Amino acid sequence: MSDTNTTPVAFVRDAMLPEQAAPITAAGPLAWIKKNLFDGWFNSILTIVAIYFIYLIVSGAFPWFYNGVWTTDSLAECREILQGKTGGCFSVLTERWPQLLFGFKYPSEEYWRPTIAFFALFVAVAPVLFNKLPRKLLIVTAIFPFAAFWLIWGGSILVPIMVAVGLIVGYVVFTRLVYQSSAMGMIGGLVATVAVWMLSGYITDPLSGFLALEPVPSRDMGGFMLNFILGVTCVSLSLPLGILLALGRQSDMLIIKWICVVFIEFIRGVPLITLLFVANVVLGYFLPPGTNFDLILRVIIMITMFSAAYIAEVVRGGLAALPKGQAEAAGSLGLDYAQSMRLIILPQALKISIPGIVNVAVGLFKDTVLVSVISMFDLVGMIRGPILASTEWNGVYWELWLAAVLFFFPICYGISQYSQWLERQLATGHR
Amino acid sequence: MKKSVFFGAMTVAALAAGAAAAGTLDDVKARGKLNCGVTTGLVGFAAPDANGEWQGFDVGVCRAVAAAVLGDPSAVEFVPTTGKTRFTALASGEIDMLARNTTWTFSRDVDLKFEFVGVNYYDGQGFMVPKALGVSSAKELDGATVCIQTGTTTELNLADYFRTNNISYEPVPIETNAEAQPLYLEGACDVYTTDASGLAATRAAFENPGDHVVLPEIISKEPLGPLVRHGDSEWGDVVRWSLNALIAAEELGVTSANIGEMSMAAGDNPEINRLLGTEGTLGEMLGLSADWAKNAIMAGGNYGEIFEKNIGENTPIGLGRGLNAQWTDGGLLYVPPFR
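Residues numbered from 1 in each chain as written. Chains lettered and ligands numbered in written order. Predicted model: local features only at pLDDT ≥ 70, side-chain atom pairs only at ≥ 80, totals over all residues. Heavy atoms only, no water.

A. How the structure looks around the overall build of chain B. When helices and strands are counted, chain B shows 14 helices and 14 strands. Counting only C-alpha atoms, chain B reaches 60 × 60 × 40 Å along its principal axes. Taken over 339 residues, chain B has a buried fraction of 56%. In chain B, the share of contacts with a sequence separation of at least 24, taken over all contacts with a separation of at least 6, comes to 69%. Surface exposure of chain B reaches about 13500 Å², of which carbon and sulfur atoms provide 53%. Side chains of chain B carry 23 positive and 42 negative charges; the gap between the two charge centres is 5 Å. (Helix = DSSP H or I, 4+ residues; strand = E, 2+ residues; numbered from the N terminus. Buried < 20%, exposed > 50% of the residue type's maximum accessible area, 1.4 Å probe, protein only. Contact = heavy atoms within 4.5 Å. Areas by Shrake-Rupley, 256 points an atom, 1.4 Å probe, with all protein chains shown as cover. Lys, Arg positive; Asp, Glu negative; His and termini not counted. Charge placed at Lys NZ, Arg CZ, Asp CG, Glu CD.)

Structure, rendered in structure tokens:
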């Protein structure tokens, strides 16, 4: 070591300078604004134009909300209060709020029933959506459809119980027979279920008052409740049906394959609104007089078929994306068809299909408003029909349609956010 | 049995739907409810109020028939129908009668196999334009865009009228009256055309009704009335004479206020006596009770009372009686005698 450096040198600094904040033009809000909003003359102009438009929208909409009237009984009174000022007449929402939610014929003293069903729905779907929750909650999921039916439609609790018993008996028979052959298991299960349902008529008919809630007929359902019933039921029914159709379309069994192909192609080739008209009007001609085939049930069947066909194609896309080696590997492990599907193929195929399935589900939920054209009073039907046609509220548009938007948006957005979260959760593959 | 479990609870009220073709009167009596087809909503004519009770001029007819047949004006199941579903609903037996401001036309009566039992409102198609357009006659509307409801007679009338006058127009099809209002106000169409009653109701709901004028031309006859299926004349008679009873009651000065007193005992006027069942057997001939007409009138008052309550000059709709006055007042309401 040389000693040339041992003597202190005057111009060498021996202490660190304190850190200084970055110059105002390189960091902080001003820099952000400079970089993102006023970077060059072209961006500056765009920013100024955009700000101007935002100003126009806000200054136009703000008084409309701010001066909004919430407590009058008719549009004429609203106008009287506003005296020509800009302002929304939101009283239509407060006055007709129960009608927007439940339709105009659901008995008002029974509103608590669909409300409970609505909140129970979140408990019931939670374990399906989030697999970190305790598995025991799945019991709630299994009970929910029957409980919700009982709550919303009323009548004796025995009816949904017997339907459930029929399904359980069918399942038990299926598990007993499935070891002999899967076809026998399915047929046996089906026969047992139907038999229980037929026999249960002898129990439910005389005991129709047992634990009965006041029955509410289907045609009294309405409002957002109807959209929700249709949306939830049809999505949850069409998903399994769609998967079956997709598998059936890939099947080697010729008849099954062609049934599925014809079903999918036919349903996809017909507009939903046509199917709804068939459900509403045409079936009335075909069924013998005196037949009563519940309208909501007809609509549920039609919408379910419709979305099942779309989901089938989405799932088929997922199946096609899997390398053939996956199925061969499953076969070489000695798994049979059902096992390889359940353990190897479908988990991967469904993961790929999530965006498509969610797309169909969101679309389906929004399509439920189409039932308003067959004179069912869902949310849109209520607005277009009874509310806008009442003498008091004839002429209120923006407020009502804005409310409809606010009903649908959070739910559709929520579904979409959930699916993105789920994709991240399942992102285990190589990208 | 299977059905009783599977669909049972869902279909309690739908049980009644799908009545057989013949013997509608017996079906209604057995069911204890009248299935009456109405519109999904038309201001003043039929719409449910905040409590879910149907109100309106057409609804009044349904209630009167229900009261005449079943003695209870609330024994009605209102089945909302759109312009497109109304006729299938009636033909398939889902409803017993249709009171949905439906125009009585030849083809509907003959070809579609329905029976119009009378007219409860004489309407006619008119035009509404903004004052700023400076138009004073429909003949000046050459090249105008016109908002028009599809599936209605107004659509056909419009085509006929413009063809006859050799002028052109551009139709903007819409589904309901409610849809037409914002379109018209935003200027999507220059002209809105529908029945004059609908125009009046629409205009009354505008923020500045004075900015819009209804043109003087009425280009069509629109006799609106209740209808039933062909081939069941007994039921047709019941509906026809229930409506006639309302009109006759006004002519004879029977109102919901004095009917209790008048129907207590036979009075001086034999026609009132026959109408209210204190004399003669008119009710029996129809297969109804003797006080059928009294019940029908008590359901909502006589024709004039129903008119005033729902669409008359003191309501926001503010329609004058015009053609719908009694024949004695220069209108067209003229019912055959109750004899």
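Next comes the rest of the account.
B. Molecular detail of the domain arrangement of chain A. Under the domain assignment used here, chain A contains domain 1 (29-62), domain 2 (155-213) and domain 3 (220-425). Between domain 1 of chain A and domain 3 of chain A, the C-alpha centre-to-centre distance is 42 Å. (Domains from an automatic or database assignment.)

C. View of the nonpolar core. Counting residues in hydrophobic clusters, the biggest one holds 153 residues, and the most contacted among them are A:Met221, A:Val371, B:Leu34, B:Met97, B:Trp235 and B:Trp292. In terms of residue count, the dominant contributor to this core is helix α13 (residues 295-321) of chain A (twelve residues). Not counting residues within four places of it along the chain, the set of residues in contact with B:Trp235 comprises B:Thr24, B:Leu25, B:Val28, B:Leu34, B:Val65, B:Val69, B:Asp96, B:Met97 and B:Val228. The next biggest cluster of nonpolar side chains, apart from the first, holds 15 residues, and it includes B:Phe127, B:Val135, B:Ala138 and B:Phe162. (Core = buried A, V, L, I, M, F, W, Y, C linked by side-chain atoms within 4.5 Å.)

D. How the structure looks around the environment of B:Lys33. All names here are of chain B. Tracing the backbone shows Lys 33 in the loop between α2 (24-31) and β1 (34-39). In sequence terms Lys 33 and Glu 140 are 107 residues apart; their C-alpha atoms lie 51 Å from each other. If sequence neighbours within four positions are ignored, Lys 33 has contacts with Val 28, Leu 70, Ala 75, Val 76, Glu 77 and Asp 96.

E. Structural view of the side chain of A:Ser238. Residue and element names in this part refer to chain A. Turning to its location among the elements, Ser 238 is positioned in helix α10 (residues 223-249). The buried category is assigned to Ser 238, whose relative accessible area is 1%. Each residue touching Ser 238, except ones within four places of it in the same chain, is listed here: Thr 304, Ser 307, Ala 308, Ile 311 and Leu 364.

F. Representation of the packing of α10(A) against helix α15 (residues 337-367) of chain A in the model. Residues and elements named next belong to chain A. Packing of α10 against α15 brings their axes to within 10 Å, and their N-to-C directions diverge by 145°. α10 and α15 meet at a crossing whose hand is right-handed. Listed contacts from α15 to Phe 224, Asn 227, Phe 228, Gly 231, Cys 234, Val 235, Ser 238, Leu 239, Ile 243 and Leu 247 of α10 are Tyr 337, Met 341, Leu 346, Leu 350, Ile 357, Ala 361, Leu 364 and Phe 365. The class makeup of the residues in the contact of α10 with α15 is 15 nonpolar, three polar and no charged. (Axes fitted to C-alpha atoms, helices over the stretch in contact; angles between N-to-C directions. Left-handed = near helix turned anticlockwise from the far one by under 90°. Nonpolar A, V, L, I, M, F, W, Y, C, P; charged D, E, K, R; others polar.)

G. Structural context of the UniProt feature "domain: Solute-binding protein family 3/N-terminal" (unreviewed entry) in chain B. Following the UniProt record, the feature "domain: Solute-binding protein family 3/N-terminal" (unreviewed entry) maps to residues 33-262 of chain B here. In this annotation, residues 33-262 of chain B is assigned 34% helix and 24% strand; the end-to-end C-alpha distance for the span is 28 Å. (UniProt positions renumbered as here; feature names shortened; annotations may be inferred.)

H. Fine view of the state of the cysteines. Under the counting rule described, the total for this entry stands at three disulfides over all chains. Paired through a disulfide, A:Cys78 and A:Cys89 show a sulfur-sulfur distance of 1.9 Å. Sign of the S-S torsion, about 75° for the bond between A:Cys78 and A:Cys89, identifies this disulfide as right-handed. Of this pair, A:Cys78 sits in helix α3 (residues 75-82) while A:Cys89 sits in the loop between α3 and α4 (91-95), and the two are eleven residues apart along the sequence. On the accessibility criterion, A:Cys78 (1% relative accessible area) is buried. Here A:Cys89 falls in the buried class, since its relative accessible area comes to 3%. Put simply, B:Cys36 and B:Cys62 are joined by a disulfide, and their sulfur atoms are 2.0 Å apart. On the S-S bond that ties B:Cys36 to B:Cys62, the torsion sits near -60°, and the link is left-handed. Here the residue B:Cys36 occupies a position in strand β1, and B:Cys62 occupies one in helix α3 (residues 57-70), the gap between them amounting to 26 residues. Across chain B, the disulfide pattern expressed with sequentially numbered bonded cysteines is 1-2, 3-4. Considering cysteine sulfurs only, A:Cys234 is the nearest to A:Cys260, which forms no disulfide, with 20 Å between them. (Disulfide = S-S within 2.5 Å.)

I. The arrangement of a nonpolar patch on the surface in detail. A cluster of nonpolar side chains, contributed by A:Trp41, A:Phe42, A:Ile45, A:Leu46, A:Val49, A:Tyr52, A:Phe53, A:Tyr55, A:Leu56 and A:Ile57, occupies part of the molecular surface with about 1100 Å² of accessible area. Here A:Leu46 shows up in helix α2 (residues 40-66). (Patch = residues over 30% accessible without salt bridge, like charges linked within 9 Å, V, L, I, M, F, W, Y side chains within 5 Å. Salt bridge = Lys/Arg side-chain N within 4 Å of Asp/Glu carboxyl O.)

J. Fine view of the sheet that holds strand β8 (residues 125-130) of chain B. All names here are of chain B. Read across the sheet, five strands follow the order β10-β9-β11-β8-β12 without closing on themselves; strand pairing throughout is mixed. At either end of the open sheet lies a strand with only one pairing partner, and these are β10 (169-174) and β12 (212-214). Strand-to-strand, the axes of this sheet are offset by a mean angle of 30°, without reference to chain direction. Looking at chain direction, strand β9 (residues 144-149) and strand β11 (residues 191-195) are connected through two bridges and run parallel. Looking at β11, one finds that Cys 147 is bridged to Tyr 192. Against the sheet, helix α6 (residues 153-164) engages β8, β9, β10 and β11, with an angle of about 80° to β8. Here helix α7 (residues 177-186) sits on the sheet in contact with β8, β9, β10, β11 and β12, set at roughly 155° to β11. (Pairing = 2+ DSSP bridges.)

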